[in-house]
Amino acid sequence: SIPFSLLNLRIQVGINSNRAISLFVCFRWEEERYTDGVKWKFLEHKGPVFAPPYIPLPDKVKFYYDGKHMKLSPQAEEVATFFGKMLDHEYTTKDIFRKNFFKDWRKEMKPEEKSTIVDLNKCDFEEMNQHFKDQSEARKQMSKEEKLKLKEENEKLLQEYGFCIMDNHKERIANFRIEPPGLFRGRGNHPKMGMLKRRIRPEDIIINCSKDSKVPVPPHGHKWKTIRHDNKVTWLVSWTENIQGSIKYIMLNPSSRIKGEKDWQKYETARRLKKCVDKIRAQYREDWKSKEMKVRQRAVALYFIDKLALRAGNEKEEGETADTVGCCSLRVEHIKLHTELDGQEYMVEFDFLGKDSIRYYNKVPVEKRVFKNLQLFMENKQPEDDLFDRLNTSILNKHLQELMDGLTAKVFRTYNASITLQQQLKELTNPDENVAAKILSYNRANRAVAILCNHQRAPPKTFEKSMQNLQTKIDAKKDQIGMARRELKGAKADHKVKKDEKTRKSVESKKKALQRVEEQLMKLEVQATDREENKQIALGTSKLNYLDPRISIAWCKKWDIQTEKIYNKTQREKFAWAIDMADEDYEF
DNA sequence: CCAGTTACTTAGTAGATACACC
DNA sequence: GGTGTATCTACTAAGTAACTGG
C-alpha cells in the first residue's frame, strides 16, 4: 500500500503519463480493504474547536421591556442576542418560532427577570440588532492588514485542528468546529423552530481515536465525556444535540480516502443495479398482479421509486419534525387519480412535501395496472391514511436485498441519475460545437438529472436584475458587431482600391476583430440561456451526490475539455479518485 | 415485528470570497 | 479602486438505513 502523501507528491511533480498515474492510483483506491467493518487501524487528531465564549454587550446597547430599559443577566442576555440578531429574518415573525424561543429564553432568566418579562411582544431588541449590524459593517470596513491577520489566524487554526492522521494519510476534517449555540432553524413547518440550541461543553464530547495515538487534550479545567477507541466507525468526535436528541459527528472531508472509497463503492453498487434492473422491472410488473396486497403495494412503490426517483420515505415521529414524506410514507391526500388528464390516460398527480419541505409536484401517466392498484389502495381510506399501509422502508429494503446484494431504495436514485446523465450527454453533445456550447450541453444534461431528482433552490434575489444586465450586454455586443462589420466593409473597399500590403493587413485584422466579438456574443447568449433555464434548479446536489464522476471525466476527455470547466477545486478534490481512474471510454 | 439507537449520506442556504466591470 | 454580482465554502438540518434487543 502506498501512502496518500506520496501519491500527491507524484502528481504535484507532474508525472504526465496517464497510465503511470492510474497504475499508481489503483494502489491507493484499491488499497487493501479491512474486513469485519474495521474502518482504520490508526487515528490521531486534536479534538474539536469550541465556539468562542459569549462576549456581553457593551453597556450602551440597551434592551427595553415595555418601553423601560432593563439590564439582563449574562445568560438571559446571550439568548436574547440570538433573537436580536435574527430580527430581519422571517423566522422571528412566526408564531411557533416566537413561542418556542420565549419558552426557552425564560428558562435562562433570573427569577426577577422571569417575573418581569412575560410577553415577547413587549420586548425591544432593536438596539441589539443595530449593534450586530454595526459590527458586521465594521468587519467589512477593516483594513487590508487587519483582514490579512484574521485570515492568517484562521489558517493557523485550520492547520492545527483541521487535519488528522488516519492510517498513514494526513486527511482534512470536514467540520472541526463545534456548532455554536443559537436558535434552532428547522426547515419548513418545523414544530421545534426557535428552540434554544445549547452551548456544547467539553463534558458533552465523546472523543474517538486509536489507543496508540496522542489523545486530544480537553480545554484547561475541563474533561471529555468519554474517550473511545472504536475503529468500526469513521467519526472523530460526537455529541448529543438537545433539540431532537440526535447525535452529531465530526467526520472527514469528502477528499479523504475513507469518504472517497465509500463514494466509489456507491457508484459500483449502482452499476451492479444496471446489470439487473431489467429483471427487477419485469419482476415488479409481475407483482402488480399478485394476490397479496403487501406484494402489490411493494411493487407499485418500487415502480414510483424507479420511475420518479422518489426517496424511500422512512417513518418519522409525529410532532417532532416537519410533516414531510417519501415514497413509502405517502398518504392518500398526496396523490390524485385522473382517468384522463391533459389528453392522456391514467394520470397520477403528485403533490407533497419531501425532504427539506421541498414541494414535489408532478403529473405522470402510469400503466393501467398501476392505476387500478392505486384505486384499490385508496379504497375506504381517509386523506390522512397511508397510501401503502402494508409497506415501510424496512420491508421494501429487505425485499431489495434479496434481489441484489447491497440493493436499497436509494440505489435507484443514484442509478437513474447517473444513467440519465450518460444518456443525455450522448444525446446533447454536438461534436461540431465549440467548448462553450458543449458545456451548455453538459449543464443541460446535469439539469435533466436535477429535475428528475427534484433538486430545487430559491431563485436568487437578484435574478431578474442580473438577467436584465446580461440582456443589456448582449444588445451592446450586437451593436459592436454591426460596427465591426461596417469597419471590415470599409477596409475591404479600401483594399480593393489601393491593393497594398497595409490595407490587406487591415482587412485581416478587421476580420479577426469581427470574429472575436461574434464569439463573445455567442458566449453571452449561451450564458443567458443557461441561467434562465437554471432559475429554480439546483445543479450542485446531483453533481455532488448522484452523478458518477467518471461519466463526466470520460466526457471531458472525449471532447478535450478541461476538468476545471465542470468541476471547481473542491469538487476535483472530492472526485480525485474518478479523475485518476476514468478514461474516455468509461461507461457507467 | 417494533421502537430506539447509531452512523452515515444528502440537502438547501447564508455568508465569505473571487471576479467582472466601470 | 470601489462596487455589484457570481461562485464557492461552511454549516447544519434532514434524510436513509443498519443494527439491537425485547
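Quick notes on the rules
- Residues numbered from 1 in each chain as written.
- Chains lettered and ligands numbered in written order.
- Predicted model: local features only at pLDDT ≥ 70, side-chain atom pairs only at ≥ 80, totals over all residues.
- Heavy atoms only, no water.
- Near = heavy atom within 4 Å.
- Polar contact = N/O pair within 3.5 Å; in protein donor to acceptor, adjacent residues only side chain to side chain.
- Helix = DSSP H or I, 4+ residues; strand = E, 2+ residues; numbered from the N terminus.
- Buried < 20%, exposed > 50% of the residue type's maximum accessible area, 1.4 Å probe, protein only.
- Pairing = 2+ DSSP bridges.
- Axes fitted to C-alpha atoms, helices over the stretch in contact; angles between N-to-C directions.
- Parallel < 35°, antiparallel > 145°, perpendicular 65-115°, else oblique.
- Left-handed = near helix turned anticlockwise from the far one by under 90°.
- Contact = heavy atoms within 4.5 Å.
- Nonpolar A, V, L, I, M, F, W, Y, C, P; charged D, E, K, R; others polar.
- Domains from an automatic or database assignment.
- Buried area = accessible area lost by both parts, 1.4 Å probe.
- Salt bridge = Lys/Arg side-chain N within 4 Å of Asp/Glu carboxyl O.

Q: Break down the protein's contact with DNA strand B for me, with residues and values.
A: DNA strand B sits among 27 residues. The nearest are Lys 259, Lys 266, Lys 355, Arg 413 and Tyr 546. In DNA strand B, atoms within 4 Å of the protein come from the sugar-phosphate backbone in 85% of cases. Note that a phosphate oxygen of DNA strand B is positioned 2.4 Å from one of the side-chain N or O atoms of Lys 259. Lys 355 is positioned such that a nitrogen or oxygen atom in its side chain is 2.6 Å from a base oxygen of DNA strand B. The greatest single-element share of the surface near DNA strand B, amounting to three residues, is contributed by helix α8 (residues 257-287).

Q: An account of the pairing of strand β5 (residues 163-166) is requested, with residue identities and associated values reported.
A: Along β5, the buried face is formed by Cys 164 and Met 166; none of Phe 163 and Ile 165, which line the opposite face, is buried. Where β5 folds back on strand β6 (residues 169-172), the antiparallel hairpin that results is connected by two residues, among which Asp 167 adopts a positive phi of roughly 45°.

Q: Explain the packing of helix α13 (residues 435-452) against helix α17 (residues 549-559) to me, and be specific about the residues and the numbers.
A: Relative to each other, α13 and α17 sit at 160°, their axes nearing to 12 Å. With respect to α17, the element α13 is oriented roughly antiparallel. Helix-helix and strand crossings are classified by hand; for α13 and α17 the assignment is right-handed. Taking contact as the criterion, the partners of Lys 438, Ile 439 and Tyr 442 in α13 are, on α17, Ser 552, Trp 555 and Trp 559. Of the residues contributing to the contact of α13 with α17, the split by class is four nonpolar, one polar and one charged.

Q: Quick one: what's the story with unusual backbone geometry, residue by residue and with numbers?
A: Located in the positive-phi region is Asn 168, a residue other than glycine, with phi close to 75°. When its relative accessible area of 61% is taken as the criterion, Asn 168 is described as exposed. Phi at Asn 380 takes a positive value of approximately 55°, unusual for a residue other than glycine. Relative to the helices and strands, Asn 380 is located in the loop between α10 (368-378) and α11 (393-403).

Q: Give me the lowdown on the domain arrangement of chain A, citing residues and values where you can.
A: Parsing chain A into structural domains produces domain 1 (63-143), domain 2 (258-405) and domain 3 (418-581). With centres defined by C-alpha atoms, the gap from domain 2 to domain 3 works out at 38 Å. Across the contact, 14 residues belong to domain 2 and 17 residues belong to domain 3. Both sides together, the interface formed by domain 2 and domain 3 hides about 1,100 Å², and carbon and sulfur atoms give 53% of it. On the domain 2 side of the contact with domain 3, Trp 264, Tyr 267 and Ile 358 bury the most area, a combined 41% of that side's loss. In this structure, the connection of domain 2 to domain 3 is made through one salt bridge. Here Arg 550 makes a salt bridge to Glu 268, at a shortest N to O gap of 2.7 Å. Applying the counting rule to domain 2 against domain 3 returns seven residue pairs in polar contact (both at pLDDT 80 or more). Of all elements in the fold, only α8, α9 (293-308) and β15 (359-365) reach the threshold of two or more residues within the side of domain 2 that touches domain 3. Broken down by element, the side of domain 2 that touches domain 3 gets its largest block of residues, eight residues, from α8. In the side of domain 2 that touches domain 3, the residues fall into six nonpolar, one polar and seven charged.

Q: Can you explain the protein's contact with DNA strand C? Please cite residues and give values.
A: Around DNA strand C, the structure places 31 residues, and the nearest of them are Arg 187, Lys 248, Gly 313, Lys 410 and Thr 570. Near the protein, within 4 Å, the atoms of DNA strand C are sugar or phosphate in 88% of cases. Here a phosphate oxygen of DNA strand C sits 3.5 Å away from a polar atom, N or O, in the side chain of Arg 172. Asn 314 is positioned such that a nitrogen or oxygen atom in its backbone is 2.9 Å from a phosphate oxygen of DNA strand C. Mapped onto the surface near DNA strand C, the elements with two or more residues apiece are α12 (409-428) and α14 (463-498). The dominant element in the surface near DNA strand C, judged by the number of residues it contributes, is α14, at three residues. Per-class residue counts for the surface near DNA strand C are four nonpolar, 13 polar and 14 charged.

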